[in-house]
Amino acid sequence: MSSSNVAKKQAAMEAIKYIKDCSVIGVGTGSTVNHFIKELGKIRSSFDYAVSSSEATTELLRLEGVAVTELNNCDAPDVYVDGADEATSHRQLIKGGGGALTREKIIASSSKNFICIIDESKLVKKLGSFPVAVEVIPMARSYVARKLVQLGGAPEWRQGFVTDNGNWILDVYNLDLTDSKEFEVQIDSIAGVVSNGIFSRRPADKIIVGSENKIREI
């Protein structure tokens, strides 16, 4: 196993400690979360349901024997565990490299506790090196792209990719995210935008950072 995968697994195993006495678990999407799902399957009898942020995650959960329910059919998740493409010491995140950002943001916002699990390469001083994913209604793609250029960004259409919601993704480069909360609001205010991958208004409550030799929490 590569050093990166070892670090991801270490973070995922640490997150399992926060599942105790939980009824509903929110589960995100991505390579680090895939390790968490493996561990979650080992204790599937200790909680009632998982709420999934993507069709891919739902499939993996079911393969591990975990019962999956819809967010509409349950109480607020006790804890939501997900990864990130970038994270700061202020627990603000960029997510959406896997295209599941809208469902991830919905579950994160509705959960009582949001735990982000990452390997140390994802920890940055300032958000913005990784592009910001923006989910858009297909007919609004060009219009939204022009508005994003006005905000200083360089949007690229993720061609050939369709979200689980049937929408498209614009990956926006070169944004100055010094005030990431303000940018999150500005992007969301553009007509045709469903959601964007800046998680600053609802940051993580805790970040678990894994490495080969140690675990630390923020």
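For the structure, see preceding data.
Residues take numbers from 1 onward in each chain, read along the sequence in its written order. Only residues with pLDDT of at least 70 are given local features in this predicted model, and only at 80 or more are side-chain atom pairs given and counted; all residues enter the totals for whole chains, interfaces and linings. Water and hydrogen atoms play no part in the side-chain values, which are based on all heavy atoms of the structure.

## Quick word on the overall build of the protein chain
Then, in step 1: Regarding its fold elements, the protein chain presents six helices and 14 strands.
Then, in step 2: Against the 2.2 N^0.38 benchmark of 17 Å for 218 residues, the protein chain shows a C-alpha radius of gyration of 17 Å, consistent with a compact globule.
Then, in step 3: Buried residues in the protein chain amount to 49% of all 218 residues.
Then, in step 4: Accessible surface computed for the protein chain: about 10,200 Å², of which carbon and sulfur atoms make up 46%.
Then, in step 5: Of the side-chain charges in the protein chain, 26 are positive and 28 negative, and the distance between the mean point of each set is 2 Å. Each helix corresponds to a stretch of at least 4 residues labelled H or I by DSSP, and each strand to a stretch of at least 2 residues labelled E; elements are numbered beginning at the N terminus. All radius of gyration figures rest on C-alpha atoms, and the globule criterion is 2.2 Å times the number of residues raised to 0.38. Burial status follows relative accessibility: with a 1.4 Å probe on protein chains alone, a residue under 20% of its type maximum counts as buried, one over 50% as exposed, and anything between as partly exposed. To measure how exposed things are, a 1.4 Å probe is used in the Shrake-Rupley method; for residues, cover is taken only from the protein chains shown. For the charge count, each Lys or Arg is scored as positive and each Asp or Glu as negative, with His and the chain ends excluded. The atom standing in for a charge is NZ when the residue is Lys, CZ when it is Arg, CG when it is Asp and CD when it is Glu.

## Details of the pattern of salt bridges
Side-chain pairs of opposite charge can arise where the charged atoms are in close proximity.
Then, in step 1: Between Lys or Arg on one side and Asp or Glu on the other, a salt bridge is scored when a side-chain nitrogen of the former is within 4 Å of a carboxyl oxygen of the latter. Overall, the coordinates contain 14 salt bridges when judged by the stated rule.
Then, in step 2: The partner of D82 in a salt bridge is K95, and the shortest N-O contact between them spans 2.8 Å. Pair noted here: D82 is in strand 4 (residues 79-82) and K95 is in the loop between strand 6 (93-94) and helix 4 (101-110), with a separation of 13 residues, a long-range link.
Then, in step 3: Look at K95 and you get buried, because its relative accessible area is 3%.
Then, in step 4: For D188, the salt bridge is made with R201, and the minimal N-O distance between the two is 2.7 Å.

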